[in-house]
Amino acid sequence: MEKFFRLKERGTTVNREIVGGITTFLAMSYILAVNPGILSASGLSWSSVFTATAVSAAVGTLVMAFCANLPVALAPGLGLNAFFTYTVVLGMGCTPAFALTAVLLEGALFIVLSLFGIREAIIRSIPVTLRKAVAVGIGLFIALIGLTNAGVTSGDTGTLIGYVTFNGQHPTAIVAILGLVITIVLYILKVPGNILLGVLVTTLIGIPFGVTTIPENFKPFSMPSAPHLFMFEWGSVLTIKFFVVFFTFLFTDLFDTIGTLLGVTEQANLKDKDGNVLNAKGALMSDAVATMIGACLGTSTVTSFVESSSGVAAGARTGLASVVTALLFLVALFLSPIFALIPAAATAPALIFVGYLMMVSVTSIDFKDPTEGIPTFITIMTMPFAYSISKGIAFGIISYVICKAVAGKAKTIPVVTWILSLIFLADIIFEAVK
């Protein structure tokens, strides 16, 4: 185990990896309830999608563990599943099989791109400053997710967004804030597994508040349902509609994954001597394989989860943590009622606190140089406000090219970065006119 995962080399221990893996699972376990809820609206069976979610997350995360040795977990991605249901199926009138076919072929193309190093080249083309900005932007993004999931922030406060009043009408917000205080105290006192302990203690606190609910006739065990296997529709592959859907899945997944890998590896300092993502090819291949497996099981695009940063914050540095997370997803197949007890208010403090931990990268960014500082600011600002990692990268790279070109430093911009900026710009124009 030591030799394969290189625990000492990365300054970690088995215990830290186990705690980190559990923490990551708890932070992202909400997907086991959320993904079936979204995809079932498209006509798929809730229980079948639940099985597909757990199995695809487990398999994809195991592939990441053994092919890339990174503490990054995978599962069907939020946003992409909403696009699957509300745009492709309900909006465009397509069948779930149509959408799953697009997801499968997207994964297949990603494997080809990964084999030829094209996705790695895209990662390397992102300037170092923007890589740090991505980490900070993701930190604010997941902190906002935590605040929103807990009901701490709301758009019903008379402003665009604001804090709710912490009274009896908002018990989830109260529990989440108490959990955040507990997590901060545990972290400052350097208690091992502080984030995980924060989640567990917050879950218990939620009981008297009615936030953590234990149903009557509670049964901890349940047998998994069969997933929707190989539900594909090949007759529509050569249509323009299919190409639009396929490209949207491809484009969003590509840059969400890249952004997540950049953010998590920056936080964990898992970079090679040139400052690039460690084992990037294996990580990207894992993501592509997991997407194809998910499509075969009947779920939307499987992608790397930003919540992996909570496990990194708890000490995870290797694929051993991913093995732990994957095993817990398999256990969840049979113990779903138990995991369903952990409320969003209990995992929210972990996400909010990780936002603080990921802010560290901002200290090494040169904001005095406007050609570096402005693109950095735009990247960081866009991710939480647009609620999109890929949009943050897109606007960051476009603004980077503009700033460098105007300053007479166009020759310092890599060719791939120029190409990416044009692709991003074309995508923005396409969205505006379609």
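Rules used in this analysis
Residues numbered from 1 in each chain as written. Predicted model: local features only at pLDDT ≥ 70, side-chain atom pairs only at ≥ 80, totals over all residues. Heavy atoms only, no water. Helix = DSSP H or I, 4+ residues; strand = E, 2+ residues; numbered from the N terminus. Rg over C-alpha atoms; globule rule 2.2 N^0.38 Å. Buried < 20%, exposed > 50% of the residue type's maximum accessible area, 1.4 Å probe, protein only. Contact = heavy atoms within 4.5 Å. Expected span 1.5 Å × (residues − 1). Core = buried A, V, L, I, M, F, W, Y, C linked by side-chain atoms within 4.5 Å. pLDDT = per-residue confidence, 0-100. Phe/Tyr/Trp six-rings, centres within 6.5 Å; stacked < 30°, edge-to-face > 60°. Axes fitted to C-alpha atoms, helices over the stretch in contact; angles between N-to-C directions. Parallel < 35°, antiparallel > 145°, perpendicular 65-115°, else oblique. Left-handed = near helix turned anticlockwise from the far one by under 90°. Nonpolar A, V, L, I, M, F, W, Y, C, P; charged D, E, K, R; others polar. Polar contact = N/O pair within 3.5 Å; in protein donor to acceptor, adjacent residues only side chain to side chain. Salt bridge = Lys/Arg side-chain N within 4 Å of Asp/Glu carboxyl O. Patch = residues over 30% accessible without salt bridge, like charges linked within 9 Å, V, L, I, M, F, W, Y side chains within 5 Å. Areas by Shrake-Rupley, 256 points an atom, 1.4 Å probe, with all protein chains shown as cover.

1. Overview of the overall build of the protein chain
Okay, so step 1: Along the protein chain, the regular secondary structure elements total 19 helices and 4 strands.
Okay, so step 2: Here the C-alpha radius of gyration of the protein chain, 21 Å, is about what a compact globule of 434 residues would show, namely 22 Å.
Okay, so step 3: Referenced to the eigenvectors of the C-alpha coordinate spread, the extents of the protein chain come out at roughly 65 × 55 × 55 Å.
Okay, so step 4: Considering the protein chain as a whole, with its 434 residues, one finds that 57% of them fall into the buried category.
Okay, so step 5: Summarising the internal contacts of the protein chain: among those between residues at least 6 apart in sequence, 80% fall at separations of at least 24.

2. Quick word on the environment of A135
Okay, so step 1: As for its position among the elements, A135 is in helix α8 (residues 128-149).
Okay, so step 2: Here A135 falls in the buried class, since its relative accessible area comes to 1%.
Okay, so step 3: Each C-alpha atom, one on A135 and one on V360, is 8.9 Å from the other, the two residues being 225 residues apart in sequence.
Okay, so step 4: For A135, the residues in contact, after removing those within four places along its chain, are G263, E266, M358 and S361.

3. Some points on helix α17 (residues 370-386)
Counting along an α-helix, one turn takes 3.6 residues, and residues three or four places apart therefore face a common direction.
Okay, so step 1: Here α17 spans 23 Å end to end across 17 residues, near enough to the 24 Å set by a 1.5 Å rise per residue.
Okay, so step 2: Taken residue by residue, α17 has T371, E372, G373, P375, T376, T379, I380, T382, M383 and P384 as its buried positions.
Okay, so step 3: Tucked into the core, α17 has its buried residues touching α8 and α18 (389-406).

4. Quick look at unusual backbone geometry
Okay, so step 1: Look at N69: it is not a glycine, yet its phi comes out positive at around 50°.
Okay, so step 2: Even without being glycine, N269 reaches a positive phi, approximately 60°.
Okay, so step 3: Relative to the elements of secondary structure, N269 occurs in the loop between α11 (240-268) and α12 (280-297).

5. Things to note about helix α16 (residues 344-357)
Okay, so step 1: Over its 14 residues, α16 extends 20 Å from the first C-alpha to the last, a length consistent with the 20 Å expected when each residue adds 1.5 Å.
Okay, so step 2: Most of α16 sits out of view: 12 of its 14 residues are buried.
Okay, so step 3: For α16, the elements touching its buried residues are α2 (14-28), α8, α9 (171-188), α10 (194-209), α11 and α13 (308-313).

6. A closer look at the nonpolar core
Taken as a class, soluble globular proteins show a tendency for nonpolar side chains to be buried jointly.
Okay, so step 1: With 110 residues, the main nonpolar core has F255, I393 and F424 as its most contacted residues.
Okay, so step 2: Non-local contacts of F255, meaning those with residues more than four positions away in its chain, are made with I122, I389, S390, I393, L420 and F424.
Okay, so step 3: Membership of the second largest hydrophobic core comes to 5 residues, among which are L7, A65, L320 and V323.

7. Quick notes on the confidence of the model for the protein chain
Okay, so step 1: Confidence in the prediction for the protein chain averages 87 pLDDT; 99% of positions are at 70 or higher.
Okay, so step 2: Within the protein chain, helix α14 (residues 319-332) carries the highest mean pLDDT (95), whereas helix α15 (residues 336-339) carries the lowest (74).

8. Points about the packing of aromatic side chains
Okay, so step 1: Here the structure, examined in full by the defined rule, presents 12 aromatic pairs.
Okay, so step 2: Relative to Y387, the ring of F141 lies with its centre 5.2 Å away and its plane at 75°, an arrangement referred to as edge-to-face. Taken as a pair, F141 in helix α8 and Y387 in the loop between α17 and α18 lie far apart in primary sequence, 246 residues in all.
Okay, so step 3: The class of F141 is buried, set by a relative accessible area of 9%.
Okay, so step 4: For the ring pair Y187 and Y356, a centre distance of 6.4 Å and an interplane angle of 85° mean the geometry is edge-to-face. Of this pair, Y187 sits in helix α9 while Y356 sits in helix α16; the two residues are 169 residues apart in sequence, bridging distant segments of the chain.
Okay, so step 5: Overall, the relative accessible area of 48% leaves Y356 in the partly exposed class.

9. Observations concerning the packing of α10 against α16
Okay, so step 1: Following both chains from N to C, one finds α10 and α16 inclined at 150°, their axes separated by 7 Å at the closest point. Our classification of the angle between α10 and α16 gives roughly antiparallel. The handedness of the crossing between α10 and α16 is right-handed. Across the interface between the two elements, I195, V199, T202 and T203 from α10 touch A345, A346, T347, P349, A350, F353, V354 and L357 from α16.
Okay, so step 2: Residue composition of the contact of α10 with α16, grouped by class: 9 nonpolar, 3 polar and no charged.

10. Let's talk about the side chain of E372
Okay, so step 1: When you line up the elements, E372 lands in helix α17.
Okay, so step 2: At 2.5 Å, the side chain of E372 and the side chain of T129 are in polar contact.
Okay, so step 3: Other than its neighbours up to four places away in sequence, E372 contacts T129, D366, Y400 and K404.

11. Some words on the pattern of salt bridges
Okay, so step 1: Enumeration according to the criterion identifies 2 salt bridges in this entry.
Okay, so step 2: In this structure, the salt-bridge partner of K271 is E266, at a minimum N-O distance of 3.5 Å.
Okay, so step 3: What makes K271 partly exposed here is its relative accessible area of 27%.
Okay, so step 4: With a closest N to O distance of 2.9 Å, E372 and K404 form a salt bridge. Of this pair, E372 sits in helix α17 while K404 sits in helix α18, and the two are 32 residues apart along the sequence. Take E372 and K404: they sit in the same class, and that class is buried.

12. Describing a nonpolar patch on the surface
Okay, so step 1: Taken together, the side chains of V112, L115, F116 and I118 present a nonpolar region at the surface, about 410 Å² in accessible area.
Okay, so step 2: Within the secondary structure, L115 is located in helix α6 (residues 96-115).

13. Thoughts on the packing of helix α3 (residues 31-39) against helix α5 (residues 80-89)
Okay, so step 1: Close contact between α3 and α5 brings their axes to 9 Å; oriented N to C, the two are set at 20°. Classed by the angle they form, the pair α3 and α5 counts as roughly parallel. As α3 packs across α5, the resulting crossing turns out to be left-handed. Contacts from I31, N35, I38 and L39 of α3 reach α5 at N81, A82, F84, T85 and Y86.
Okay, so step 2: Its residues assigned to classes, the contact of α3 with α5 shows 6 nonpolar, 3 polar and no charged.

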